[in-house]
Amino acid sequence: MSGVVRSLSRCLLPAEASRDPGNSKESSREARRKSREIDAMLARERRAVRRLVKILLLGAGESGKSTFLKQMRIINGQEFDKKALLDFRDTIYENILKGMRVLVDARDKLGLSWQSGENEKQGMLVMSWEGRVGVSGVEPGEFQLYVMALSALWADSGIQEAYTRRSEFQLSESVKYFLDNLDRIGQLSYIPSKQDILFARKATKGIVEHDFVIKKIPFKMVDVGGQRSQRQKWFQCFDGITSILFMVSSSEYDQVLMEDRRTNRLVESMNIFETIVNNKLFLNVSIILFLNKTDLLVDKIRTVNICKNFPEFRGDPRRLEDVQAFLVQSFSRKRRNRSKPLFHHFTTAIDTEISALSFMPSRTPSCRKTSKTSCCSDLGDARWHPPHPPPTVL
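Cut-offs and rules
- Residues numbered from 1 in each chain as written.
- Predicted model: local features only at pLDDT ≥ 70, side-chain atom pairs only at ≥ 80, totals over all residues.
- Heavy atoms only, no water.
- Helix = DSSP H or I, 4+ residues; strand = E, 2+ residues; numbered from the N terminus.
- Buried < 20%, exposed > 50% of the residue type's maximum accessible area, 1.4 Å probe, protein only.
- Contact = heavy atoms within 4.5 Å.
- Salt bridge = Lys/Arg side-chain N within 4 Å of Asp/Glu carboxyl O.
- UniProt positions renumbered as here; feature names shortened; annotations may be inferred.
- Axes fitted to C-alpha atoms, helices over the stretch in contact; angles between N-to-C directions.
- Parallel < 35°, antiparallel > 145°, perpendicular 65-115°, else oblique.
- Left-handed = near helix turned anticlockwise from the far one by under 90°.
- Nonpolar A, V, L, I, M, F, W, Y, C, P; charged D, E, K, R; others polar.
- Pairing = 2+ DSSP bridges.
- Core = buried A, V, L, I, M, F, W, Y, C linked by side-chain atoms within 4.5 Å.

**Quick notes on the overall build of the protein chain**
Helix and strand content of the protein chain: 17 helices and seven strands. Put simply, the protein chain has 394 residues, and 47% of those count as buried. By sequence separation, contacts in the protein chain at least 24 residues apart represent 73% of the contacts at least 6 residues apart.

**Quick notes on the pattern of salt bridges**
Inspection of the entire model under this criterion finds 17 salt bridges. Here K194 ties to E79 by a salt bridge, and the two come within 3.6 Å at their closest N and O atoms. Taken together, the residues span a long stretch of sequence, with K194 in helix α12 (residues 194-199) and E79 in the loop between α4 (65-75) and α5 (82-109) at a distance of 115 residues. Taking the relative accessible area as the measure of exposure, K194 reaches 44% and is therefore partly exposed. E79 gets classed as exposed once you look at its relative accessible area, which sits at 55%. Across the salt bridge formed by D108 and R107, the nearest N and O atoms sit 3.9 Å from each other. Owing to a relative accessible area of 9%, R107 belongs among the buried residues under this scheme.

**Remarks on the UniProt feature "binding site: Mg(2+)" (unreviewed entry) in the protein chain**
When the UniProt feature table is mapped onto this chain numbering, "binding site: Mg(2+)" (unreviewed entry) sits at S66 and T204. Assignment of secondary structure puts S66 in helix α4.

**A short note on the packing of α5 against helix α6 (residues 118-127)**
At a closest axis distance of 9 Å, the pairing of α5 and α6 adopts a crossing angle of 130 degrees. It follows from the interaxial angle that α5 and α6 lie oblique. Of the two possible hands of crossing, α5 and α6 adopt the one that is left-handed. The residues of α6 that touch α5, namely those facing L97, M100, R101, V104 and D105, are G123, V126 and M127. Partitioning the contact of α5 with α6 into residue classes produces five nonpolar, one polar and two charged.

**Some remarks on the packing of α6 against helix α8 (residues 147-154)**
Running from N to C, α6 and α8 point in directions that differ by 125 degrees, and their axes come no closer than 9 Å. It follows from the interaxial angle that α6 and α8 lie oblique. For the pair α6 and α8, the crossing hand works out as left-handed. Here N119, Q122, G123, L125 and V126 of α6 lie close against α8, whose contacting residues are A149, L150, A152 and L153. Among the residues forming the contact of α6 with α8, the class breakdown is six nonpolar, three polar and no charged.

**Points about the pairing of strand β2 (residues 207-214)**
A regular strand carries its side chains on alternate faces of the sheet. Where β2 lies against strand β3 (residues 217-224), eight bridges are found, and the strand directions are antiparallel. Across the sheet, V208 pairs through a bridge with D223, a residue of β3. Remark: two residues form the turn of the hairpin made by β2 and β3, two consecutive strands paired antiparallel; K215 in that turn has positive phi of roughly 50 degrees.

**A look at the nonpolar core**
In this structure, I96, M100, L103, F143, L150 and I159 are the most contacted members of the largest nonpolar core, which totals 41 residues. Secondary structure elements with two or more residues in this core: α5, α8, α9 (157-164), α10 (175-180), α11 (182-185) and α12. For this core, the element with the most residues is α5, which contributes ten residues. In this structure I96 touches F143, L150, F178, L179, L182 and I185, once residues within four positions along its chain are discounted. Formed by 34 residues, the second largest nonpolar core is a distinct cluster that contains L58, F246, I272 and L327.

Listed below in structure tokens is the structure:
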């Protein structure tokens, strides 16, 4: 490479330099100096590329990939600028209005009665909102028109009963959090908190990359949309991958896909995982299974028996450890070659401490290749102890 650069440098020297011996020597020295600088720069870039840990986030839609990426930004001190905060605010307003529209519609289709006849009018008001064509998010002035109606509807027993039956229709998991905090979010001066940002839902379109440096080790995380329409873009991201974090929403064992309203979401995740884990392209790539939304799984097993959707389950359907073991085994069985270990974590992407402790590069093969010491040992609160055993290997 340096020889090519020196040849080019000589070719590009001014014609006068070739006629004047003094200028020629000076120009040659300058060309050699520049060539050495270029060689040094290329060497630094090669070392940086070798040290780079490139992690691809894969998984079905709504598995928590984008939330995990937002958590990593927060954990590593990358603040959101004012424009980003205002964009999140408008997205949150849209999440609330869309969520309440779904609940009002579900109440009607499920044949549930209004607690108050006045709330029928409030429901009609919310249903009249349709958003602006080609524009995402809702501006504060527009949202203020619906705050009182949203508050009255969320307090209505008919809407609350519809919410308890949310597995029968498509409802974002963040809706309850936002409606419970409507008094704060409904203020004209509202700016989203970090927790609000983690709950904000906006489908990833295309490819999103974020760079982090943890203990002097460079990380590049690549997030791509998980919806079926977005998966053809995954192949554009496979080059130079060190690890794949495969995200699964562990609590969705009783829910169906938004795309076809038939396929079980957990089954869809298992099918995608089977395709990825058995792909020859990833023979030398570490694949780490992140079973996300543990907090929702804890709540769900109290009321929804996993045996209804997975009759092959053996164990106590209300015991968290039994359900988690079944989930891990179900994914592990999708691997044709089990000679390579499968690392897995149970995590909650909206919980900063759990996310920090889950993402321990020293525990993953990708970081062991880069460093013999922990790159992230100081990410979490040292006083905090995880409620579950450390990440396990199958």
